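# Topology and contacts: notes
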Amino acid sequence: MTDFSTIYKLSLVAVFCFIQACSSSCPVLECWFVQEKVGRGGGLTAATSQEKSLLHIRTDAHSHSAESQKAPSDINPDRVYFITDPAGTFCHPSLNPPRGSVKKPQCEINPFLPQPSSLKWVAPLTDSALSPIYLQADWFSTSHQGLNKELTISSITRAPTATKEHNVILSVTSKTVSVQSRLGEPVVLDCGFWVDPSSPLSGSGFAVEWRYQFRGDGRLVLAYDGKTDRLADTQEEGATLDFEGLHEKGNASLILQEAKVHHSGMYICTVYLPYLVAQVAVELEIVEPPSLSIHPSPLPLAVPGQTLTVQCEASGFAPLSLELSWEFKGSDGKSRPLGSGSVTGHRQAWDGTLSQSTRLELDTATLDLGRGGEVTCVAVHLGGTRRASVTLNAVGFSAPSIEDSMAMVGVALVLYGLIKFVSWTFTGSDSDEADKQDKKVK
Ligand SMILES: *[C@@H]1O[C@H](CO)[C@@H](O)[C@H](O)[C@H]1NC(C)=O
């Protein structure tokens, strides 16, 4: 009996520890509370105020353990909030760095005003009137960037007016904040969303929109009306969504069937619910290392005093920054740099990839080429370092070495032997033939 109660107690302790561990992994987030200053009309740019705030995150509204913690003295107690996030999105380790770490996750919180959207693929969501009482509340929009670009979250929270107990109603996340892809490969830009199932806004449809932004140039990639299950607009060939995953799991990831150079840029995933909107940004960079080719190949035989011109062409690479240089590796196995040669400007091919070349003047008089070696073109690029080599054969740059002389003697002997052998065989067979002929005649 005592054994049983001990086991019982132990397992209770274990469960308690487990719960503690779970709840303690939901962070207390320091956040900038940013809002437009009121009563300052007239200016074109709205002045904003910025205050430190504290968000206590929990997955269950009834766990009040966090409330007992004291707020730091530099935070206004009015700016301390309690956020219930049943999905546990905010409890990701990248938002909860170890105590005392220098790098901190970024966070901003703003007041949010629910309103209908006039966008063609969003407007149908607010066709049917919704309880305005539900919308009359304190709404916040928050955005979080986890450490090491592991996670970005944007969410809409709601609290009954003048309380500080918020519930996450909509959260949009991405786990691929920054994506690199080779050319021609399929790319998935992660975006997922969660809607509080107990909210009256849940189940009345959603819309998803992906936009592309690069150096101030923006365009719509794809817009999907989840209420009528229709792609409202696609302006990018080969861009699609996994519609099943979208409806079942809120997986709004953008699939690009084949990465192209012009796909590099910022992508914004926006999820609309009736009156609500949240968005996250994902950066895509297409990185393709160059292919190298050397001309002429093979190199002509180098003669003392002559200048050899070698050209190296790097093509098919992206993005732009490329470092070209030359190296020479002598027959002694030692490498030495020959500088970058004269590098041309870059040219762009039809597919957006770039090419650039460098020309090297090999002055055989000033260069100790010995008996030749290998000339190598080196291209250092974000996508990797590439090398291409060509053999350089030089004659008359140095007196024949002992090995050379020995080899020459050897070759001469072998040749002599060969000639002897051949002539012997021929004369031998000739005489045989002659013998036969003789016999026939007889
Ligand atoms: C979302 O969909 C994409 C594309 O189909 C897939 O690669 C990814 O694994 C999905 N993510 C989740 C969390 O299911």
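Every value quoted in this text rests on a predicted model; they were computed, and no experiment measured them.

Helix and strand counts for the protein chain stand at four helices and 26 strands. Taken across its 442 residues, the protein chain has 38% of its residues classed as buried. For the protein chain, the computed accessible surface area is about 25400 Å², with 56% contributed by carbon and sulfur atoms.

Around the ligand, the neighbouring residues are Val188, Asp242, Lys249, Asn251, Ser253 and Ile255. Asn251 is positioned with one of its side-chain polar atoms (N or O) 2.4 Å from an oxygen atom of the ligand. When isolated, the ligand has an accessible area of 360 Å², and the protein chains bury 48% of it. Looking at the shell around the ligand residue by residue, the classes come out as two nonpolar, two polar and two charged.

This next bit is on unusual backbone geometry. Residues His295 and Pro296 are joined by a peptide bond in cis, for which omega reads -15 degrees. Examined against the element boundaries, Pro296 turns out to sit in the loop between strand E18 (291–295) and strand E19 (307–317). The omega angle of the peptide bond from Ala318 to Pro319 is -5 degrees, so this bond is cis rather than trans. For Pro319, the location among the structural elements is in the loop between E19 and strand E20 (322–330). The backbone of Lys149 shows a phi angle near 55 degrees, a positive value even though the residue is not glycine.

On the secondary structure map, Thr142 appears in strand E5 (residues 138–145). Accessibility expressed as a relative area gives 2% for Thr142, which makes it buried. Here the side chain of Thr142 touches Ser155 through a polar contact of 2.7 Å, side chain to side chain. Excluding anything up to four places from it in sequence, Thr142 contacts Phe90, Glu108, Ile109, Ile153, Ser154 and Ser155.

Let's shift gears to the state of the cysteines. Scanning all chains against the criterion turns up four disulfides. One disulfide bridge connects Cys31 with Cys107, the sulfur atoms lying 1.7 Å from each other. Disulfide Cys31 to Cys107: torsion about the S-S bond roughly -70 degrees, handedness left-handed. Note that Cys31 is positioned in strand E1 (residues 28–36) and Cys107 in strand E4 (residues 106–111), a separation of 76 residues in sequence. A relative accessible area of 3% means that Cys31 is categorised as buried. Taking the relative accessible area as the measure of exposure, Cys107 reaches 10% and is therefore buried. Linked covalently through their sulfurs, Cys312 and Cys377 form a disulfide whose S-S length is 2.0 Å. Measuring the twist about the S-S bond at about -75 degrees, one finds the Cys312-Cys377 disulfide to be left-handed. With Cys312 in strand E19 and Cys377 in strand E25 (residues 372–381), this residue pair connects regions lying 65 residues apart in the sequence. In this structure, Cys312 and Cys377 share a single accessibility class: buried. When the cysteines of the protein chain that form disulfides are numbered from the N-terminus onward, they connect as 1-3, 2-4, 5-6, 7-8.

On average, residues of the protein chain carry a pLDDT of 82, and 81% of them reach 70 or more. In the predicted structure, residues 12–24 sits below a pLDDT of 50 and forms one contact with residues beyond four places in sequence or in another chain. Between residues 429–442, whose pLDDT stays under 50, and residues either more than four places distant or in other chains, the model counts zero contacts.

Another aspect to go through is the environment of Tyr267. By the element assignment, Tyr267 lies in strand E16 (residues 265–273). Not counting the four nearest positions on each side in its chain, Tyr267 is found in contact with Leu189, Trp210, Arg211, Tyr212, Val221, Leu254, Leu256, Val280, Ala281, Val282 and Leu284.

Position of Leu322 among the secondary structure elements: in strand E20. Note on Leu322: relative accessible area 16%, which makes it buried. As a C-alpha pair, Leu322 and Val380 span 58 residues in sequence and 5.9 Å in three-dimensional space. Ignoring anything within four residues of it in the chain, the contact list for Leu322 reads Pro290, Ala314, Phe317, Gln356, Ala379, Val380 and His381.

Cut-off values and rules
Residues numbered from 1 in each chain as written. Predicted model: local features only at pLDDT ≥ 70, side-chain atom pairs only at ≥ 80, totals over all residues. Heavy atoms only, no water. Helix = DSSP H or I, 4+ residues; strand = E, 2+ residues; numbered from the N terminus. Buried < 20%, exposed > 50% of the residue type's maximum accessible area, 1.4 Å probe, protein only. Areas by Shrake-Rupley, 256 points an atom, 1.4 Å probe, with all protein chains shown as cover. Near = heavy atom within 4 Å. Polar contact = N/O pair within 3.5 Å; in protein donor to acceptor, adjacent residues only side chain to side chain. Nonpolar A, V, L, I, M, F, W, Y, C, P; charged D, E, K, R; others polar. Contact = heavy atoms within 4.5 Å. Disulfide = S-S within 2.5 Å. pLDDT = per-residue confidence, 0-100.

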